[in-house]
Every structure is written in C-alpha cells, then in structure tokens.
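Survey of secondary and tertiary structure
Now for the letters of each chain:
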Amino acid sequence: MRVPPILPVFVCILFASSFAFAHDVHVDYDHTVNFSKYTTFMWVDKPETADPLTADRIVDSVNAQLTAKGLQLVSSGADLYVSASMSVQQVPVYNTYYDDGWGWGWGGPGWATTYVDTYAEGKTTVNLIDAASERTVWQGTATGGVSHKPAKVAKKNSKVIADMFEKYPGLVPRTS
C-alpha cells in the first residue's frame, strides 16, 4: 500500500500546530519557607487584560486553587498577598520553502520563498508574597499559544493555573 504524498505533510503540520498551542508551566518557590504557616490570602494586584471577563476568570481560578489547598480568602490581614498578570504578544513564525530550479536533481538556479505567519502567545504569572516580609515566596508562570475564542481561553487559563498549583509545596487541604 502506498502512502498518499499529502499525508506526511498533513502529519507534520498537525504535529507542529499542537506545539504552537501547548502551554509551558513553570513553578519556583523559596525552599526555606514553611508554606503550612499560611492560612489566609488576599489580592493586591489583579490581572489587567483587554477582556475583563478573562481577568475575573484568572482571579476565580487562583481563588479556587488556594481555597482547595486550605487557605481562606480575606479582605484584610492576610498571610499571603496574591498578584497576577497576563500578557499577549504576536510571535512570528518563519517558513522558508526552497525550489532547486529545474527539478528532479537537474540543478540550475533555485529560489527560496519565506512566508511569515504569526500566532498569539500569552503569558500568565501568579505571585504569592509573604505579607510580613513582602518577599515573593512562590511564582507560577505559564506560556503558550492563545486562541481567539474566549471559551477556549477560559478553559486553558483554568487548566494552566491548576497545573501551577499542583506544584504548590507543603499544603494539605484542611478538614473543617
């Protein structure tokens, strides 16, 4: 059985496009801090986005994650301050195609054509700051492609924030 010539091209495009929209999540924290001492949190810098609904969804996702870790949201006197930001930029992708001239290995003058495509790449950062020392004790960042569809952005933000907080050290949910 012969593989249609377009199939390998389609598979390469599909494989490459899956990486363009995958998110890369990184977490770093101060390893000397005992995170079990934190019981409350409050927002000091909420994310500013072009779409206020996206900002609200980021806040809701972070609140849900911290609450699931046993922390309580308060309006003053918190142990941890929360700060988040989101930015989106257009990233160029350069695709160059080569033509060897006369074809079939005959040589001759060749041409190269480069096409520039762009995709939106977003970066979401969440910082947790010790209220007493005002030092950042935990930071999560997620970078990856952003859809133009608000429902997909909401779902992806929720997932990457959950992925960030999977790596939150030292907390076991409390039972009331």
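Everything here concerns the structure above.
All of these numbers come straight from a predicted model, not from anything done at the bench. (Residues numbered from 1 in each chain as written. Predicted model: local features only at pLDDT ≥ 70, side-chain atom pairs only at ≥ 80, totals over all residues. Heavy atoms only, no water.)

A closer look at the overall build of the protein chain
We count it as follows: Secondary structure counts use DSSP, requiring at least four H or I residues in a row for a helix and at least two E residues in a row for a strand, with both numbered from the N terminus. Between buried and exposed lies partly exposed: a residue is buried under 20% and exposed over 50% of the maximum accessible area for its type, with that area taken using a 1.4 Å probe on protein chains only. When checking whether two residues touch, look at their non-hydrogen atoms; a contact exists if any pair is within 4.5 Å. Computed with a 1.4 Å probe, the accessible areas rest on the Shrake-Rupley method; for each residue, only the protein chains presented here act as cover.
The secondary structure content of the protein chain amounts to three helices and six strands. Counting helices and strands in the order they occur from the N terminus, the protein chain gives α-β-β-α-β-β-β-β-α. In the protein chain, buried positions account for 32% of the 176 residues. Long-range pairs, those at least 24 residues apart, make up 73% of the contacts in the protein chain between residues at least 6 apart in sequence. Accessible surface computed for the protein chain: about 11,500 Å², of which carbon and sulfur atoms make up 58%.

Notes on the sheet that holds strand E2 (residues 40-45)
As a reminder of what qualifies: In this scheme, strands are said to pair when DSSP sees at least two bridges between them. Axis geometry follows a simple rule: fit a line to the C-alpha atoms, using only the stretch in contact for helices, then measure angles between N-to-C directions, giving values from 0 to 180 degrees.
Reading across the sheet, the six strands line up as E1-E6-E5-E4-E2-E3 and stay open at both edges, with mixed pairing between neighbours. Both edges of this open sheet fall to strand E1 (23-29) and strand E3 (72-73), since each of them pairs with a single strand only. As defined by bridge partners, E2 adjoins strand E4 (residues 80-99) across four bridges and the pair is classed as parallel. Pairing of Met42 across the sheet is with Tyr81, part of E4. Lying on the sheet, helix H2 (residues 52-68) is in contact with E2, E3, E4 and strand E5 (111-130); it crosses E2 at an angle near 160°.

Thoughts on the pattern of salt bridges
For the record, the criterion: The term salt bridge refers to a side-chain nitrogen of Lys or Arg lying within 4 Å of a carboxyl oxygen of Asp or Glu.
Tallying each qualifying case throughout the model produces three salt bridges. Here Arg135 and Asp30 are joined by a salt bridge, their closest N and O atoms 2.3 Å apart. Residue Arg135 is located in the loop between E5 and strand E6 (136-145), and its partner Asp30 is located in the loop between E1 and E2; the two are separated by 105 residues in the primary sequence. When its relative accessible area of 43% is taken as the criterion, Arg135 is described as partly exposed. A residue is classified by how much of its surface remains accessible, and Asp30, at 19% relative accessible area, is buried. Here Asp130 makes a salt bridge to Lys37, at a shortest N to O gap of 3.9 Å. Of this pair, Asp130 sits in strand E5 while Lys37 sits in the loop between E1 and E2, and the two are 93 residues apart along the sequence.

Looking at the pairing of E4
One ladder, built from 20 bridges, connects E4 with E5; its direction is antiparallel. Within E5, the residue paired with Asn95 across the bridge is Tyr115.

Digging into a positive patch on the surface
Convention followed: Here the term patch refers to residues with relative accessible area over 30% and no salt bridge, with like charges joined within 9 Å and nonpolar side chains (Val, Leu, Ile, Met, Phe, Trp, Tyr) within 5 Å. Residues counted as positive are Lys and Arg, residues counted as negative are Asp and Glu, and His and the chain ends are not counted. Where a charge lies is defined by one atom per residue type: Lys uses NZ, Arg uses CZ, Asp uses CG and Glu uses CD.
A contiguous patch of positive charge on the surface is contributed by Lys149, Lys152, Lys155 and Lys156. The exposure class of Lys155 is exposed, given its relative accessible area of 66%.

Overview of H2
Selection rule: Here, expected helix span is obtained from the residue count minus one, scaled by 1.5 Å. We define a polar contact as two N or O atoms separated by no more than 3.5 Å, with the added condition that, inside protein, one atom must be a possible hydrogen donor and the other a possible acceptor, whereas residues neighbouring each other in sequence contribute only through side-chain atom pairs.
Between its first and last C-alpha atoms H2 spans 24 Å; for 17 residues at 1.5 Å apiece the expected length is 24 Å, and the two agree. Listed as buried for H2 are Thr54, Ala55, Ile58, Val59, Ser61, Val62, Asn63 and Leu66. Of the surrounding elements, those touching the buried residues of H2 are E2, E3, E4, E5 and helix H3 (150-166). With a side-chain oxygen positioned 3.1 Å from the backbone nitrogen of Leu53, the residue opening H2 is Asp51. Where H2 ends, the next residue or the one after it, Gly70, has phi of about 100°, a positive value.

A short note on the side chain of Thr141
Here Thr141 shows up in strand E6. Discounting residues that sit within four places of it in the chain, Thr141 has contacts with Asp24, Val25, His26, Lys123, Thr124, Thr125 and Met164.

Focus on the nonpolar core
Most often, soluble globular proteins have nonpolar side chains that are buried together. Condition: Working definition of a nonpolar core: buried Ala, Val, Leu, Ile, Met, Phe, Trp, Tyr and Cys residues. They are joined through side-chain atoms within 4.5 Å.
Within the largest apolar cluster, 25 residues are counted, with the highest numbers of intra-cluster contacts made by Val62 and Phe165. Of all elements in the fold, only E2, H2, E4, E5, E6 and H3 reach the threshold of two or more residues within this core. Dropping the residues within four chain positions of it, Val62 is found in contact with Trp43, Val82, Val126, Ile161 and Phe165.

Just distances and angles here, no functional claims.
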